[in-house]
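# Descriptive analysis of the structure
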Amino acid sequence: MHSVPETEQADLETMEVDAVSAEFGGGPSTQNWAVIPKIDDTNIELLNKPPIERFIGILDQLDSKVEMLRKEALVLQEKKDFLAMSMDLLKNNEYLTGLNENEYEEINCYVQRISGRLATVELSVCTVRDRAQEDSLHLVNSLIDEIISGSDAVVSRLRCQQFLNACSTTDTTTYTDLDPSMCLDKKFESALLGCTLDDQKTIKKRLQALLDYLIKQTVVH
């Protein structure tokens, strides 16, 4: 009796989302996420199910793929934001003042070229916000930008620590060198609490990266 190969048998026994074939642009880089719906009509078990259940099964799989895509896009967005922040920090580095005019112009042109290339990368993962949350996020970003453009690395580090403490109010051991009355920035904390939970997580990661940089700067000094 002719036996069905194990891989084919598995396909017959499952209802799943198929990878895009090579003729439609599929390949090693897309097969892990690019999908097209498939309901295997040769499967007797599936034929006994109402069509609505088959489609719901497919939609459940697609829903999980969409959520995975959103998470991956958010990671890329965070990487882009980190690179943009790094460029801003470099442009405000005090050592640039020690360069002569030609050297400064060379560095500035290089920075502009990199910033231009970074601007060609467009990523957008929409977070649903109301007007108040939009305003809170704008205020938070403005306060962080003040740290980035600050000329005193020690003061900037202190403010960054205060902001980060507002993101982790349960953390009582990280910054024991600070006076208790200086552990939180109330204005920043109020704005932060007005942001969405997703934005709060992103802000915390951004502040941690910024603090790591500022700590290295103050140690060098």
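Residues numbered from 1 in each chain as written. Predicted model: local features only at pLDDT ≥ 70, side-chain atom pairs only at ≥ 80, totals over all residues. Heavy atoms only, no water.

### Brief notes about the overall build of the protein chain
Of regular secondary structure, the protein chain possesses eight helices and two strands. Traced from its N-terminal end to its C-terminal end, the protein chain shows the element sequence α-β-β-α-α-α-α-α-α-α. Evaluated residue by residue, the protein chain yields a buried proportion of 26% over its 221 residues. Taking contacts inside the protein chain between residues at least 6 apart in sequence as the whole, the part at least 24 apart equals 64%. When the accessible surface of the protein chain is totalled, it reaches about 15200 Å², and 56% of it is carbon and sulfur. (Helix = DSSP H or I, 4+ residues; strand = E, 2+ residues; numbered from the N terminus. Buried < 20%, exposed > 50% of the residue type's maximum accessible area, 1.4 Å probe, protein only. Contact = heavy atoms within 4.5 Å. Areas by Shrake-Rupley, 256 points an atom, 1.4 Å probe, with all protein chains shown as cover.)

### Here we look at the packing of aromatic side chains
Under the defined criterion, the tally for this structure stands at one aromatic pair. Note on F163 and F188: the rings are 4.1 Å apart at their centroids and 5° apart in plane angle, and the pair reads as stacked. Taken together, the positions of F163 in helix α6 (residues 153-167) and F188 in helix α7 (residues 186-193) put the pair 25 residues apart, joining distant regions of the chain. The same class applies to F163 as to F188, namely buried. (Phe/Tyr/Trp six-rings, centres within 6.5 Å; stacked < 30°, edge-to-face > 60°.)

### Details of the side chain of D185
Structurally, D185 can be placed in the loop between α6 and α7. In this structure D185 is buried but unpaired, with R159 as the nearest side chain of opposite charge at 4.1 Å. (Lys, Arg positive; Asp, Glu negative; His and termini not counted. Salt bridge = Lys/Arg side-chain N within 4 Å of Asp/Glu carboxyl O.)

### Brief notes about the environment of K91
Tracing the backbone through its elements, the reader meets K91 in helix α3 (residues 51-91). In contact with K91, not counting residues within four places along its chain, are L96 and V111.

### Quick word on the pattern of salt bridges
Across all of its chains, the model carries eight salt bridges by this definition. With its nearest N and O atoms 3.9 Å apart, the salt bridge here joins R129 to E134. Where salt bridges share partners, they join R129, E134 and D199 into one cluster.

### Description of the side chain of D199
By secondary structure assignment, the location of D199 is in helix α8 (residues 197-220). Looking at D199, its side chain comes within polar contact range of the side chain of T196, at 3.0 Å. Excluding residues within four positions of it along the chain, D199 makes contact with T127, R129 and L137. (Polar contact = N/O pair within 3.5 Å; in protein donor to acceptor, adjacent residues only side chain to side chain.)

### Overview of a nonpolar patch on the surface
On the surface, L90, L99, Y104 and I107 cluster together into a nonpolar patch covering about 310 Å² of accessible area. Looking at the element boundaries, Y104 is found in helix α4 (residues 101-119). Overall, Y104 belongs to the partly exposed group, its relative accessible area being 41%. (Patch = residues over 30% accessible without salt bridge, like charges linked within 9 Å, V, L, I, M, F, W, Y side chains within 5 Å.)

### Regarding the environment of C183
Mapping C183 onto the fold places it in the loop between α6 and α7. Between the C-alpha atoms of C183 and L164, which are 19 residues apart in sequence, the distance is 9.4 Å.

### Quick notes on α4
For an α-helix, 3.6 residues make a turn, and residues three or four places apart therefore share a direction. An ideal rise of 1.5 Å per residue puts 27 Å on 19 residues; α4 measures up with 26 Å between its terminal C-alpha atoms. For α4, the side-chain oxygen to backbone nitrogen distance between the N-cap and N102 is 3.1 Å, and the N-cap itself is N100. (Expected span 1.5 Å × (residues − 1).)

### Details of α6
For α6, with 15 residues, the first-to-last C-alpha span of 21 Å sits near the 21 Å given by 1.5 Å per residue. The set of residues buried in α6 consists of A153, S156, C160, Q161, Q162, F163, L164, N165, A166 and C167. If you check the start of α6, you find a side-chain oxygen 2.9 Å away from the backbone N of V154, and it comes from D152.

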